[in-house]
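Structural characterization, general
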Amino acid sequence: MAASGPTKITWKLQEFVAHAGNVTCLVLGKNSGRLLATGGEDCRVNLWSVSKPNCIMSLTGHNTPVECIQFKDSEELVVAGSQSGSLRIWDLEAAKILRTLSGHKANICSLDFHPFGEFVASGSLDTNVKLWDIRRKGCVMTYKGHTNAVRCLRFSPDGRWIAAAGDDSTVKLWDLSAAKILTEFTDHTGPVNIVEFHPNEYLLASGSSDRTIKFWDLEKFKMVSCTEVESTPVRCILFNPDGCCLYSGSQDSLHVYGWEPPRCFDVLPVNWGRAADLAICSNQLIGASFSQVTVSTFVVDLNRVKKTGSIVQGVVEDEKLFNLPVTKGAALRRNYERPLTTCSRPQSSKVKEEPESEGRIPSGEEEKDDKESTAEIRNPEEYKEIFQPQNAIARTPPRRTDPFPAPPEDDSVSVKEAEKVTVPTEMHSPAVKRLQPQNNKLADLSDEDAVSQIRKGHDTMCVVLTSRFKNLDTVRAVWTTGDVKTSIDSAVTMNDLAVIVDILNIINLKPALWKLDLCPSIIPQIDKLLQSKYESYVQTGCTSLKLILQRFGPLIADNLVTPPSIGVDITREERHQKCKLCYKQLKNLLPILQSKAGLPGRQGSAFRELQLLMAAFE
């Protein structure tokens, strides 16, 4: 990274407190790249202008935490889904609630507006995808087929198809006018968190917890390519507007990918933690992330990012040396044909409206909900500048289309900067908290002493990581013999949850490695992970427990009711004893599952799903 401000490639734009409770979701306006909407445990949707510190509008009406949000392409509408399964749509220009829609039986996990018609799609923990007619206030169609939560929805650029990604590791593609499924992509080995259509050609990208991004040809319905495995689950991707490359907001970094052939053009460090959404504005990539009550935004100067030509993994700067064709999407497959006029609704002969009891709420109840919903303008000047009808066509005034300026960069660390130094909460060790500099003490130190104090923490962290490396090396030595059970047991004896997490993340990606023999050793470790304050630990624990319940739940339940064997059957007796032990250990997890099932967002959804799987033992 360069040393002077004007040549900086990445920088932090702002950090602010967004809600009274924890932030649960956020979305950037893709049209302007200048609008940001956040949802929180306080049941509110707050609107912000990127780089401005004050809230523009605060939208109320939901009675449970907001789970997901989406802007309409033109950014005059925003929709938010809640934990209770209801949707609310606000007209931002009119500053009022537009619609309240209800019909899902569980959390809303994903939303998207149709690019032309007056429709919105919603995906839920109840595994269904619903298509809503905004004007008629009703559900037009319910698409069934997923067996787990639907995490992401995207309409195709021509508005004819909808892609749905789910925790069942699949991507399904539906034809809206024919009301039928076109194809299903099943090559991912973990939950699919995000899908994006190429802006021009018949190509789809999907990012998964299996840490890969896959590209799909939508003419042949076949996989085009797959990226190398990233270090963390893929949750955030975005095509460049001209379709030349794909950006992936990885943990504390930005990856730039091509797909024919598969290659990584560039990797840039960006300290955004786990990016929640990406947008592009004035040839700058805007990234947003959240943690507890705060939201942070970051900028990447795309003028200095490699989008073609280089291969980072192979350190090859000339494609001719690697015999890689210089490809252009339009030359490989056909482009979308956008309609000249907006579509009114799917073909009535093919799509039947949902019955009122499932897809609509009685008009009186909707009117009551709408009256309870408000759009409070917090910053009149900013609101007038952005949302007044006279500015609707040019939503961002000329003075705001300039790129976000990079802050001046100083190589020295001042006391004020040192006070802001924090260690990411998801580092694999509880010891991390002890390594954080004490801000009140640093404030009394000189710059030199403050830097020295921080370096001491760095040295301690190096010791922690060196110890962890030795432990993992010991486990690896046993693992290479093929004895997974002994590997797990050796890791447990080390009493280091970070090592357990690393091993479980590997086993979770390869469910075939799971054996009943592993469960008695792992379930007590899962208990510790579920109670951890580190989100990554909790997520790994939930994934492992889910796989155990899915693979061995029926076996354990059957053994509890099967009478003892007659005669000598050592194998059966051993299996019976293991199942009894697993049952006892699993029952011990029930209190924590019950206590965390009410949490908002994906974590709460995961605990509620685990509760349902545990019901098999009742």
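Our structure is the block above this text.
Cut-offs applied
- Residues numbered from 1 in each chain as written.
- Predicted model: local features only at pLDDT ≥ 70, side-chain atom pairs only at ≥ 80, totals over all residues.
- Heavy atoms only, no water.
- Core = buried A, V, L, I, M, F, W, Y, C linked by side-chain atoms within 4.5 Å.
- Buried < 20%, exposed > 50% of the residue type's maximum accessible area, 1.4 Å probe, protein only.
- Helix = DSSP H or I, 4+ residues; strand = E, 2+ residues; numbered from the N terminus.
- Salt bridge = Lys/Arg side-chain N within 4 Å of Asp/Glu carboxyl O.
- Pairing = 2+ DSSP bridges.
- Expected span 1.5 Å × (residues − 1).
- Phe/Tyr/Trp six-rings, centres within 6.5 Å; stacked < 30°, edge-to-face > 60°.
- Lys NZ or Arg CZ within 6 Å of the ring centre and 35° of its normal.
- Axes fitted to C-alpha atoms, helices over the stretch in contact; angles between N-to-C directions.
- Contact = heavy atoms within 4.5 Å.

Digging into the nonpolar core
- One finds W514, I522, L530, L545, I548 and L586 to be the most contacted residues of the largest nonpolar core, which totals 40 residues.
- Of all the secondary-structure elements, those providing two or more residues to this core are α9 (484-493), α10 (497-509), α11 (519-530), α12 (535-561), α13 (570-596) and α14 (601-614).
- Examining the composition of this core, we find that nine residues originate from one element, α12, more than from any other.
- Counting residues in each nonpolar core, the second largest holds 27 residues, with W161, A163, F239 and C264 among its members.

Quick notes on the pattern of salt bridges
- Counted by the stated rule, this structure contains 14 salt bridges.
- For R154, the salt bridge goes to E196, with nearest N and O atoms at 3.1 Å. Here R154 is found in strand β14 (residues 150-155), whereas its partner E196 is found in strand β18 (residues 192-197), with 42 residues between them in sequence. Residue R154 shares its accessibility class with E196, and that shared class is buried.
- Between E609 and K546 there is a salt bridge whose closest N-O contact spans 3.3 Å. Residue E609 is located in helix α14, and its partner K546 is located in helix α12; the two are separated by 63 residues in the primary sequence. By the burial criterion, E609 is buried, and K546 matches it.

Description of the pairing of strand β3 (residues 35-40)
- Within β3, six of the six residues are buried, which leaves the element mostly enclosed by the surrounding structure.
- Both faces of β3 are covered, namely the face carrying L35, A37 and G39 and the face carrying L36, T38 and G40.
- Linking strand β2 (residues 23-28) back to β3 in an antiparallel pair, the connection comprises six residues, with G33 at a positive phi of about 70 degrees.
- Pairing of β3 with strand β4 (residues 45-49) involves five bridges; the strand directions are antiparallel. Across the sheet, T38 pairs through a bridge with N46, a residue of β4.
- Where β3 folds back onto β4 in an antiparallel hairpin, the turn is made up of four residues, including C43, whose phi is positive at roughly 70 degrees.

A few points about unusual backbone geometry
- Omega for the peptide link from E260 to P261 comes to 0 degrees, which places this bond in the cis form.
- Along the polypeptide, P261 turns up in the loop between β24 (253-259) and β25 (262-269).
- With phi around 60 degrees, D252 is a residue other than glycine that occupies positive phi space.
- Mapped onto the secondary structure, D252 falls in the loop between β23 (246-250) and β24.
- With phi around 55 degrees, Q292 is a residue other than glycine that occupies positive phi space.
- Here Q292 falls in the exposed class, since its relative accessible area comes to 58%.

With respect to α11
- Here α11 contains 12 residues, and its C-alpha end-to-end distance of 16 Å stays within 8% of the 16 Å for a straight helix at 1.5 Å per residue.
- Along α11, nine of the 12 residues are buried, which leaves the element largely enclosed by surrounding structure.
- Considered for burial, the residues of α11 that qualify are C519, P520, S521, I522, I523, Q525, I526, L529 and L530.

Focus: the packing of aromatic side chains
- The full count for this structure, using the stated rule, is nine aromatic pairs.
- The ring of F404 is capped by R34, whose NZ or CZ atom sits 4.2 Å from the centre of that ring.

Looking at the sheet that holds strand β28 (residues 294-301)
- Sheet architecture is open: four strands sit in the order β1-β28-β27-β26, paired in antiparallel fashion. With partners counted over all chains shown, the strands left at the sheet margins are β1 (10-17) and β26 (277-281), one partner each. Direction aside, the axes of adjacent strands within the sheet are offset by 20 degrees on average.
- As paired strands, β26 and strand β27 (residues 284-291) are joined by five bridges and run antiparallel to one another. The residue bridging A279 from the neighbouring strand is I286, located in β27.

Considerations on the pairing of β23
- Within β23, five of the five residues are buried, leaving the element largely enclosed by the surrounding structure.
- Burial along β23 is two-sided: the face carrying L246, S248 and S250 and the face carrying Y247 and G249 are both buried.
- For strand β22 (residues 237-239) and β23, the ladder comprises three bridges, and the chain directions are antiparallel. Paired with I237 across the strands is S248, a residue of β23.
- Here β22 folds back onto β23, and the loop between the two strands holds six residues, one of which, G243, carries a positive phi near 80 degrees.
- If you look at the hairpin formed by β23 and β24, you'll find two residues sitting between the two strands, and D252 has a positive phi there, around 60 degrees.

Remarks on the environment of A288
- By the secondary structure assignment, A288 is in strand β27.
- As a C-alpha pair, A288 and D277 span 11 residues in sequence and 5.5 Å in three-dimensional space.
- Look past the residues within four positions of A288 in its chain and what remains in contact with it is L26, L28, L36, A275, A276, D277, S296 and T297.

Considerations on the sheet that holds strand β29 (residues 374-377)
- On the basis of which strands lie adjacent, the open sheet formed by five strands has the order β2-β3-β4-β5-β29 and antiparallel pairing. A strand with exactly one partner marks an edge of an open sheet, and here the two such strands are β2 and β29. Here the strands of the sheet are splayed against their neighbours by 20 degrees on average, with no regard to which way each runs.
- By the bridge criterion, five bridges tie β2 to β3 in an arrangement that is antiparallel. Bridged to L26 within β3 is T38.
- Along the sheet, helix α4 (residues 380-387) makes contact with β3, β4, β5 (55-60) and β29, crossing β5 at roughly 85 degrees.

Some remarks on the environment of A279
- Note that A279 resides in strand β26.
- Sequence separation of A279 and G33 is 246 residues, and the distance between their C-alpha atoms is 5.4 Å.
- Here A279 is in contact with L28, G29, K30, G33, L238, Q284, L285 and I286, once residues within four sequence places are set aside.

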